[in-house]
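# Remarks on the overall topology
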Amino acid sequence: MIPVFKPALDQEEWLALKEPMEKGWLGLGPKTKEFEEKFAEYTNAPYAVGANSGTSALHLGFAVLDISGGEVVTTSLTYVATNHAIIYCGGIPVFADIEDDTGNIRVDEIERCITPRTKAICVVHYGGHHCDMDPIMELAAKHHLPFIQDSDHACVSKYKGRPIGSFGPINTFSFDPVKNLATGAGGMVTLQDEAMDTRMRKLRWLGHSRPPGTPPEPGQMDYYHETEEIGFRYHMNDLSAAIGIVQLGKLERHNDRRRAVAAIYDAAFAPLDWVKTPVLKDYAFTAQHKYVIRVPAEDRDPLMLHLKDRGVGCHVHFVPSHLHPAYKPYRTELLPVTESYWKTLVTLPLFPTLTDDEIAQVIEGVKTYPKYARSANGHKPAGIAAKA
């Protein structure tokens, strides 16, 4: 079975683990600091704070915005972690509808949802395709609202030439095994504000005033530190950071490969009038985390069963948050696009080490779906050399 996602790892990642293993410093330490500095430089962000997951990164982001008791305008078409993080912080997710081509949150819908209780806006760059941020930032400024960019799919997309992380108060990233940059477990927050950076570093280490490895104040014993607020154990560890440093060096090459595979899929599926391929707006340079096609709703599940019978993994991203039982208190009837859109989605295999034969197998799987097989031409596409 061809998996939907697969991390691209080799001997270089194994060797990177040697230094922290030999030194015996496996937790928050010098490798985490090095990875934070390299990631900040890569994204052109003033500050970057490593975390132990993308969910933790989101939780930290909302925590420093102090959203408790207020509303956060967000999207329902995302992994539930995005909106869990709002609720963790005592906020109330208010769901705005999405664009019917990119799956990203709509600007006019954000404005519809803003009330006197609104404390923040959260946008998700679905599949790695950037939201149209200029009008969103203008709207946020008009209402004096901070915003978080959930960039878990978008490491590192660009918006009008600007890399994700280089603008906006808070961007969060996930480095779990299926992401473009995979460390096994990990996340990152990029920030523009020094005070937010300082508080976030404190919150990720249980609220302690002094993280491990930093010297005490003059006249204090090295065991002494103060716990200034109730924080979390959300710090990154040096094993994940060591892998992350290597993965960061490969990220551009891996993302190039993702885009090249997506282009092959686009060309192969273009003749199929029942398949809609991902759109790419002129303002976006996508990280191409996912390749999501849309098919008639009545064909989605039968197509997925057909693909799996032919050894092709597939998935749905996502069942909208507001449809889950845990989100019943936040449910809304005002999301017609979201509720129709998600029923058409099929995520196909996409990862840097996908071979030409596997690409051909995926394409053949889609084209031989029995209901529409007569429209498929069945040719094997011209390939490109796979790179890890």
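Predicted, not measured: the structure shown is a model, and the values here were computed from it.

Rules behind the numbers
- Residues numbered from 1 in each chain as written.
- Predicted model: local features only at pLDDT ≥ 70, side-chain atom pairs only at ≥ 80, totals over all residues.
- Heavy atoms only, no water.
- Helix = DSSP H or I, 4+ residues; strand = E, 2+ residues; numbered from the N terminus.
- Rg over C-alpha atoms; globule rule 2.2 N^0.38 Å.
- Areas by Shrake-Rupley, 256 points an atom, 1.4 Å probe, with all protein chains shown as cover.
- Lys, Arg positive; Asp, Glu negative; His and termini not counted.
- Charge placed at Lys NZ, Arg CZ, Asp CG, Glu CD.
- Axes fitted to C-alpha atoms, helices over the stretch in contact; angles between N-to-C directions.
- Left-handed = near helix turned anticlockwise from the far one by under 90°.
- Contact = heavy atoms within 4.5 Å.
- Nonpolar A, V, L, I, M, F, W, Y, C, P; charged D, E, K, R; others polar.
- Pairing = 2+ DSSP bridges.
- Buried < 20%, exposed > 50% of the residue type's maximum accessible area, 1.4 Å probe, protein only.
- Patch = residues over 30% accessible without salt bridge, like charges linked within 9 Å, V, L, I, M, F, W, Y side chains within 5 Å.
- Salt bridge = Lys/Arg side-chain N within 4 Å of Asp/Glu carboxyl O.
- Phe/Tyr/Trp six-rings, centres within 6.5 Å; stacked < 30°, edge-to-face > 60°.
- Lys NZ or Arg CZ within 6 Å of the ring centre and 35° of its normal.
- Core = buried A, V, L, I, M, F, W, Y, C linked by side-chain atoms within 4.5 Å.
- Polar contact = N/O pair within 3.5 Å; in protein donor to acceptor, adjacent residues only side chain to side chain.

Moving on: the overall build of the protein chain. A tally of regular secondary structure across the protein chain gives 12 helices and 12 strands. The C-alpha radius of gyration computed for the protein chain amounts to 22 Å, which stays within 12% of the reference 21 Å derived for 388 residues, consistent with globular compactness. Principal axes of the C-alpha set define a box for the protein chain whose edges measure 80 × 55 × 35 Å. Carbon and sulfur atoms make up 55% of the accessible area of the protein chain, which amounts to about 16,400 Å² in all. Across the protein chain, the centroid of the 41 positively charged side chains sits 3 Å from that of the 48 negatively charged ones.

It is at 11 Å that the axes of helix H9 (residues 238-269) and helix H12 (residues 356-367) come closest, and there the two elements cross at 35°. Regarding H9 and H12, the two cross each other, and that crossing is right-handed. Side by side, H9 and H12 meet where Arg257, Val261, Ile264, Tyr265, Ala268 and Phe269 of the first sit next to Asp356, Ile359, Val362, Ile363, Val366 and Lys367 of the second. When grouped by side-chain class, the residues that make up the contact of H9 with H12 number 9 nonpolar, no polar and 3 charged.

Another aspect to go through is the sheet that holds strand E8 (residues 170-174). Reading across the sheet, the 7 strands line up as E1-E9-E8-E5-E4-E2-E3 and stay open at both edges, with mixed pairing between neighbours. Of all the strands in the sheet, the pair left with one neighbour each is strand E1 (47-51) and strand E3 (92-96). Averaged over all pairs of adjacent strands, the angle between their axes in this sheet comes to 25°, without regard to strand direction. Running at roughly 155° to strand E5 (residues 147-150), helix H7 (residues 133-142) makes contact with strand E4 (118-124) and E5 of the sheet.

A word on the pairing of E8. Here E8 lies mainly inside the structure; 5 of its 5 residues are buried. Going residue by residue along E8, you find Ile170, Thr172 and Ser174 tucked away on one face and Asn171 and Phe173 tucked away on the opposite face as well. Where E5 and E8 come together, 3 bridges link them in parallel fashion. Pairing of Ile148 across the sheet is with Ile170, part of E8. Bridge analysis of E8 against strand E9 (residues 187-191) gives 5 bridges, and the strand direction is antiparallel. Paired with Ile170 across the bridge in E9 is Leu191.

The next subject is the sheet that holds strand E10 (residues 284-285). Taken in spatial order, the 3 strands line up as E7-E6-E10 in an open sheet, and their pairing is antiparallel. Looking at the sheet topology across the chains shown, the edges are occupied by strand E7 (162-163) and E10. Note: strand E6 (residues 158-159) against E10, 2 bridges, orientation antiparallel. Across the sheet, Lys158 pairs through a bridge with Phe285, a residue of E10.

On the surface, Met221, Tyr223 and Tyr224 cluster together into a nonpolar patch covering about 360 Å² of accessible area. As for its position among the elements, Tyr224 is in the loop between helix H8 (194-203) and H9.

Evaluated as defined, the whole model comprises 17 aromatic pairs. Taking the centre distance of 5.8 Å and the plane angle of 20° together, the rings of Tyr265 and Phe269 count as stacked. Here the residue Tyr265 and the residue Phe269 both occupy positions in helix H9, the gap between them amounting to 4 residues, near one helical turn. Through successive ring pairs, a cluster of aromatic residues spans Phe35, Phe39, Phe173 and Phe175. Residue placement shows Arg162 over the ring face of Phe167; its charged tip is 4.6 Å from the ring centre.

Right, let's talk about the nonpolar core for a bit. Grouped together as the largest cluster of nonpolar side chains are 39 residues, with contacts concentrated most on Tyr265, Phe269, Trp274, Ile293, Val346 and Leu348. Of all the secondary-structure elements, those providing two or more residues to this core are H9, strand E11 (291-294), helix H10 (297-309), helix H11 (336-341), strand E12 (345-348) and H12. Counting residues per element, this core draws most heavily on H9, at 6 residues. Contacts of Phe269, omitting those with residues within four sequence positions, involve Val275, Thr277, Tyr291, Ile293, Leu348, Ile363 and Val366.

Our focus in this paragraph is the pattern of salt bridges. Enumeration over the complete set of coordinates arrives at 29 salt bridges. Measuring nitrogen to oxygen at the nearest pair gives 2.9 Å for the salt bridge that ties Glu111 to Lys142. Linking Glu111 in helix H6 (residues 107-113) with Lys142 in helix H7, this pair joins segments that are 31 residues apart in sequence. Residue Lys142 is classed as exposed on the basis of its relative accessible area, which comes to 55%. Residues joined in a network through salt bridges with shared partners are Asp66, Arg199, Lys202, Glu228 and Glu229.

Tracing the sequence through the fold places Asp97 in the loop between E3 and H6. Arg106 provides the closest opposite charge to the buried, unpaired Asp97, separated from it by 4.6 Å. Reaching out from Asp97, the side chain makes a polar contact with the backbone nitrogen of Val337 at a distance of 2.9 Å. Residue contacts for Asp97: discarding those within four places in its chain leaves Ile105, Arg106, Glu109, Leu334, Leu335, Pro336, Val337 and Thr338.

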